[in-house]
Structures are given as C-alpha cells and as structure tokens.
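Residue strings, one per chain:
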Amino acid sequence: MKKVVKFGGSSLANAEQFEKVGEIIRSEESRRYVVPSAPGKRFSGDTKVTDMLYQCYAAACEGADFSEQLAAIKERYYEIIRGLGLTLSLEEEFQQIEADFKAQAGREYAASRGEFLNGKVMAAYLGYEFVDAASVIRFDKNKNLDAEKTDKLLGKRLAKCERAVIPGFYGAMEDGTVTTFSRGGSDVTGSLVAKAIRADVYENWTDVSGFLVTDPRIVENPVAMDTITYRELRELSYMGATVLHEDAIFPVRKEGIPINIRNTNRPEDKGTFIVESTCKKPRYVITGIAGKKGFCSINIEKSMMNSEIGFGRKILQVFEDQGISFEHVPSGIDTMTVFVHQDEFEDKEQQVIAGIHRAVQPDFVEMESDLALIAVVGRGMKSQRGTAGRIFSALAHANVNVKMIDQGSSELNIIIGVSNNEFETAVKAIYDIFVLTQI
C-alpha cells in the first residue's frame, strides 16, 4: 500500500508538532510520500511564516533593510531544527533567498520559500529524499497548472524514490519562474502527488478530526462525518467550508483515490473519508452546512416574462457585460432574481439597472443588500421526504426570515438566502433540527 500524507501549517508550527508528525509517518510503512506546508502559528497572535515572508519581501521591494525580518524567519526554522536535535544547516538556502529578494525574484517566489525550507527540515528529520516542487509541478505561461505535464514529471521523478518529501503550495513555469497556487494550495500538491504515484489513499492531516458538519465558530463542537462524496465536498467548499482546498478534489477524483481528513493532534481518530461514491448510509440526512455573507439580490418583475423567449439570457448578458458573475437565479412566472457578490456589484449597480431596462423593459426592478447564502448539502436528502419543510420549520422557529430557497435538480443541496445578521442563527437552527434532534 502507498499513501501520500500532507500536513498543514498548524501541524508543523514547532518542534513538538514535528515530532507528532514524525510519529504518525513512522507508525505506518505505507506513508512514503510527504507534502509539508510552511510553519503556521505556534500560538494565538503568532504570525505564519508565509506572512512573515510576504512582509520581508515587501520591505526588500521598497529598498528597505530587511535583514532583521529575514533573521526572524531564519530563527523560526532553527528553533524547530534545535528542538528536533538535527545538525541541519540552512545557511546556504538563506543566502540564496537574501540574494533573490534583493533581485526582486517575485512575490510568489518569496511565499514559496516557507514550504521549500520546511521540506528541507522534514526530509532531514525523516531521512527521506527531498524533491523540489519547482522541478515537478509545472505551470503554463498564464500561470495555470499544466496537469498533464505535472503528472508525467512527478510520476517519472517519484518512480526513482522509495520515500520522498515534496513541498506543497508551489511549482514553476517552463523557464523556472516559481509560481504558487492560491492560499491552502498544499492540498493540491498532495493530490497531484497521489495521482502521479497512483496512491491507495491521500491522507490530509490538519487540526480537526475530519470534515465537520458545520463551522465550529458558529456551532460548538459540531460532529464530524465518517464519509462524504466528492460532489458533496465540492458544494460545501464552494460555499465556504475550508477544511480542504476545493481544487484538491480533481486530480484524485480522476483516479478514484479516496482522501482521508485526519487530525494531527488526535491521530487515533479515523477522520473523514472523501470518496467518489458510497453505498454507506449517512449518519444524518445532511452531510454539511456551509455559507457565505455579502450577497445582494436584483429582482426583476415583468408581466408574461415566462412567454418571452430569451428573457433570462438577456438579463444575464447584462451582468456578463459588466464583468459580474452570478450565484443563483431563482425565478417565477413574472419574476426573476439574480444573486451576486455585493462587493463586485456595488460600483456597477446603476449600469446594471440601466442595462436591464434597455434589454428587457421590466415593469419593476428592486434590489436587496446584506444577504447571506447557506448551502445545506447531503446525499441523504434524495431519499428523505420533507427536507425543505424541516428547514423552513427550523428557521421559522428561530424567527429567521427566509429571503430565497433554491434546490438543485440533483437533490444534493438546498440553498437558502437570509439576512447577514441572521446567518449564524440560521446555521444553528438547521444544525439543531438535523443533527441534535434528528426528528
């Protein structure tokens, strides 16, 4: 069996966490390929190494003396090295980083050094081979991942390695220019490595015991799911659930490789398996509740609009012309509502309204701001009657006014619109009725 194991920044913040990670890796022979993030916060109020690098590079670009900032970053690594009892030296690497910062090698290069250096430390600690991600993760000239070339490079390089550490978060273009994924991109690196070596499981180790049904900042100690599907995860990730970078799903999904979300601080917990499909009956009707604030709605009314061919296309064309993407478009016989991100829309609202009037000559256009969208997701909803009714009942009992409800044709998710200030209350009410009471 072959496993790829990825560890997040909180799992590698200090020497004590490194030792926990080392125990986890050594406890199973199959954990042969390791993808580390940069060191995260050691305590509340601490600064992540990636953020320290951004600040240091900004000072370098301004022509300021950044030696103290670079020394603080160096000390973070040597604190870990000393704590692990290693004799590793990173002097050569830091000299190169200093020279590259002075030459203004790029903000993405600067950010990538956190993972690069942590990969060096991890490889020395485990006795594994270090493989620089810049040599095996390839981006095209537009900074988009070249998945096919990456798969070939990774597969060829790792075929020669019995055990290896591959830093997360970054790669390079053909000319060697270092390029990064978006924040949290180490998840994607792990997924790409798992696909390339045809891993049996991709373990993603973080600071939670699997995929929680909802945000623990809203609901205290929410339960974790045993198994969820890629489709469910995709829906929840899109609506703000952050346990896994949403782009990490695609490489392993193509190979049918399951992802196992685990907790570094509670390795005995089985965590959550994310799979293509499963016949296992879910513990609850719903799999997860996720949402985002900061939307607004544009409601267009026009008598007999349902018989006007191309009406919806004309409306959406107005938003496209202004460079605004839409989230949801619930409609009735004489009404059509478009939900958009408020920060994208505010500066262009009058142009959009004028465009709608010119395009379809509506009877009335009305806008509402400061809205939140909540996604209730679950494969169990398809076989359960009255799910929407239970949601309405729970929200009514909590005195939450529902602005919109929209169910996808797959019956995998229901989207509810509420006011921003009722967002947390709504999430708690839905969690209570589906998880705590299970009536």
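No experiment lies behind these values; they were computed from the predicted model shown.

Caption draft 1: Structural context of the sheet that holds strand 7 (residues 178-180). Read across the open sheet, the three strands follow the order 4-6-7; overall the sheet is mixed. Taken across any chain shown, the strands that pair with only one partner, and hence form the sheet edges, are strand 4 (138-139) and strand 7. Taken together, the three bridges between strand 6 (residues 170-173) and strand 7 define a ladder with antiparallel strand orientation. Pairing of Tyr170 across the sheet is with Thr180, part of strand 7.

Caption draft 2: Expanded view of the sheet that holds strand 5 (residues 164-165). The eight strands are arranged 3-5-2-1-8-10-11-9 in an open sheet whose pairing can be described as mixed. Strands at the two margins of the open sheet, each flanked by one partner only, are strand 3 (129-130) and strand 9 (227-229). Alignment of strand 10 (residues 259-263) against strand 11 (residues 272-275), held across three bridges, turns out to be antiparallel. Of the residues in strand 11, the one forming a bridge with Asn260 is Phe273.

Caption draft 3: Layout of a negative patch on the surface. Residues Asp343, Glu344, Glu346, Asp347 and Asp370 make up a contiguous surface patch of negative charge. Tracing the chain through its elements places Glu344 in helix 11 (residues 342-345). On the basis of relative accessibility, which here comes to 34%, the residue Glu344 falls in the partly exposed class.

Caption draft 4: Summary view of the packing of helix 2 (residues 49-61) against helix 3 (residues 67-84). Where helix 2 contacts helix 3, the axes come no closer than 9 Å and their chain directions differ by 155°. Considering their axes alone, helix 2 and helix 3 lie roughly antiparallel with respect to each other. Between helix 2 and helix 3 lies a crossing whose hand is left-handed. From helix 2, Val49, Met52, Leu53, Gln55, Cys56 and Ala59 reach across to helix 3, where they touch Gln69, Leu70, Ala72, Ile73, Arg76 and Tyr77.

Thresholds, definitions, all that
- Residues numbered from 1 in each chain as written.
- Predicted model: local features only at pLDDT ≥ 70, side-chain atom pairs only at ≥ 80, totals over all residues.
- Heavy atoms only, no water.
- Pairing = 2+ DSSP bridges.
- Helix = DSSP H or I, 4+ residues; strand = E, 2+ residues; numbered from the N terminus.
- Patch = residues over 30% accessible without salt bridge, like charges linked within 9 Å, V, L, I, M, F, W, Y side chains within 5 Å.
- Areas by Shrake-Rupley, 256 points an atom, 1.4 Å probe, with all protein chains shown as cover.
- Salt bridge = Lys/Arg side-chain N within 4 Å of Asp/Glu carboxyl O.
- Lys, Arg positive; Asp, Glu negative; His and termini not counted.
- Charge placed at Lys NZ, Arg CZ, Asp CG, Glu CD.
- Buried < 20%, exposed > 50% of the residue type's maximum accessible area, 1.4 Å probe, protein only.
- Axes fitted to C-alpha atoms, helices over the stretch in contact; angles between N-to-C directions.
- Parallel < 35°, antiparallel > 145°, perpendicular 65-115°, else oblique.
- Left-handed = near helix turned anticlockwise from the far one by under 90°.
- Contact = heavy atoms within 4.5 Å.

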